[in-house]
Amino acid sequence: MRIAAADVVVTCPGRNFVTLKITTEDGVTGLGDATLNGRELAVASYLRDHVAPLLVGRDAHRITDLWHYLYKGAYWRRGPVTMTAIAAVDTALWDIKGKVAGLPVYELLGGAARDRVLCYGHASGETVEETLEQVQAYVDEGYRAVRVQCGVPGLPATYGVPHGEGSSFGAYEPAQVGAMPQEATWSTTAYLDVVPRLFAAVRERFGPHLEVLHDVHHRLTPMEAARLGESLRPYRPFWIEDPTPAENQRAFELLRAHTSVPIAVGEVLTSIWDCQDLITNQWIDYIRTTVVHAGGITHLKRIFDLADLYQVRSGSHGATDLSPVSMAAALHVDVSIPNFGIQEYMRHTAETDAVFPHTWRFERGHLYPSTEPGLGVELDEEEAARHPYRQAYLPVNRLEDGTVHSW
Ligand code: KDG
Ligand code: MG
């Protein structure tokens, strides 16, 4: 089954998405998400200019061979642009294989290992009280797990709290349209003061059973993160996420020695090598690598298989910059692996869902993968064409004295 064409579609139904569509000579199509938030066109060019010409004429069924052809064949390994491009090809080929076999992709991955996929939504507000109201709305919808973020008193804009275009309840959109990134301000002292108060209020209102998550977003040193972990421990967080940057994996050895709260890392990691030490030393509890940024279904499976050997569970990234194609693929992986933990789920806008009609679904706090052949998601190209690309950037973060800090 030879590949006839590989086309890249860039669309902005409220936010930018890059999608690869592979078509075989007999007309079967497969989709792969290639969205890299704020750097979308780099991946679009990588695919159009350097990958699509290499795919035409190749056997669409040889997924592993093509993966290594693109990875080892590029010579330049890893990195978000390369790994997102490879992910798109890999995901599209799994879609095609499923359609040809007449089976949903999870059946090709070994079949369902569970009936449903636990997911968490995002509750956030400027104040603790506003965040509590959003938690209540999620609980009313049947969510059993909720991520909580709130504004940091004294700071104009805080990570995870809606502001700006495209942000509304359940649709927090950090990338803002414009020619330059917006700038945010950060104070670790003020942050470490407010987060324990937020957790105390959530536990007091919602009791001990709700799963409560929090994203630190790479902003603390290991020892600051340890202090946060210890201050949250009485409130039993499900996890604290990205407590400190993970370029230096050994930072987590230090953190681990000083707090027992569960730790989740990995949304910016793009390969098994980037999380090898984190996993094999059991310095983390959840690995958050995704289909789209970590080399597709083929490579993500390898990461999760390694993690399983060390009792590390999955907790894939699922923000709105991961398109419904990514979410479809993620759910096939989530439902089929032995060491599934939780899936992040930020709802897309109606415009995005119209561009990517899909049959995976949410019901009472859980996600269910499509049971259609392939991934179970389509691309409406006419609808996509109605939303041309708009330049958008993630914010840049500075300390109060102007020093650039991790965003
Ligand atoms: O593109 C960046 C976002 O996906 C990221 O900021 C969201 O950290 C995030 C999360 O956990 O959803
Ligand atoms: Mg995160």
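Reference entry: report on the structure contained in this document.

The rules behind each value
- Residues numbered from 1 in each chain as written.
- Chains lettered and ligands numbered in written order.
- Predicted model: local features only at pLDDT ≥ 70, side-chain atom pairs only at ≥ 80, totals over all residues.
- Heavy atoms only, no water.
- Buried < 20%, exposed > 50% of the residue type's maximum accessible area, 1.4 Å probe, protein only.
- Helix = DSSP H or I, 4+ residues; strand = E, 2+ residues; numbered from the N terminus.
- Arc of directions from axis to C-beta.
- Contact = heavy atoms within 4.5 Å.
- Polar contact = N/O pair within 3.5 Å; in protein donor to acceptor, adjacent residues only side chain to side chain.
- Near = heavy atom within 4 Å.
- Areas by Shrake-Rupley, 256 points an atom, 1.4 Å probe, with all protein chains shown as cover.
- Nonpolar A, V, L, I, M, F, W, Y, C, P; charged D, E, K, R; others polar.
- Donors = N, O, S within 2.8 Å, 3.2 Å for Na, K, Ca; no water.

Okay, helix H9 (residues 272-280) next. For an α-helix, 3.6 residues make a turn, and residues three or four places apart therefore share a direction. Within the sequence span of H9, burial applies to Ile272, Asp274, Cys275, Leu278 and Ile279. Across the axial projection of H9, the buried residues extend over an arc of 140°, all falling on one side. On its buried face, H9 sits against helix H8 (251-256), strand E10 (263-265), strand E11 (286-287) and helix H10 (296-309). With a side-chain oxygen lying 3.1 Å from the backbone nitrogen of Trp273, the N-terminal cap of H9 falls on Ser271. Positive phi appears at Gln282, one or two residues downstream of H9, with a value of about 55°.

Within the structure, ligand 1 sits among 15 residues, and Asn37, His217, Glu267, Asp321 and Glu344 are positioned closest to it. Between an oxygen atom of ligand 1 and a side-chain N or O atom of His217, the distance comes to 2.8 Å. Glu241 is positioned such that a nitrogen or oxygen atom in its side chain is 2.9 Å from an oxygen atom of ligand 1. Protein chains bury 94% of the 330 Å² of accessible surface belonging to ligand 1 in isolation. By residue class, the composition of the shell around ligand 1 is four nonpolar, four polar and seven charged.

Another point: the coordination of the magnesium ion (ligand 2). On the protein side, the magnesium ion (ligand 2) has Asp215 (OD), Glu241 (OE) and Glu267 (OE) as donor atoms, found 1.9 to 2.2 Å from it. If you list the donors of the magnesium ion (ligand 2) from N- to C-terminus, the spacing comes out as D-x25-E-x25-E. Taken as a pair, Asp215 in strand E8 (residues 211-215) and Glu267 in the loop between E10 and H9 lie far apart in primary sequence, 52 residues in all. Given a relative accessible area of 11%, Glu267 falls into the buried group.

Below, the discussion takes up unusual backbone geometry. The phi angle at His217 is positive, at roughly 60°, despite the residue not being glycine. One can find His217 in the loop between E8 and helix H7 (222-232). A relative accessible area of 5% means that His217 is categorised as buried. One non-glycine residue, Asp242, lies in positive phi territory at about 40°. Tracing the chain through its elements places Asp242 in the loop between strand E9 (239-241) and H8.

Positionally, Glu344 belongs in strand E13 (residues 343-344). The class for Glu344 is buried, based on a relative accessible area of 1%. Setting aside residues no more than four positions away along its own chain, Glu344 makes contact with Tyr120, His122, Arg147, Arg288, Ser316, His317, Gly318, Ala319 and Met327.

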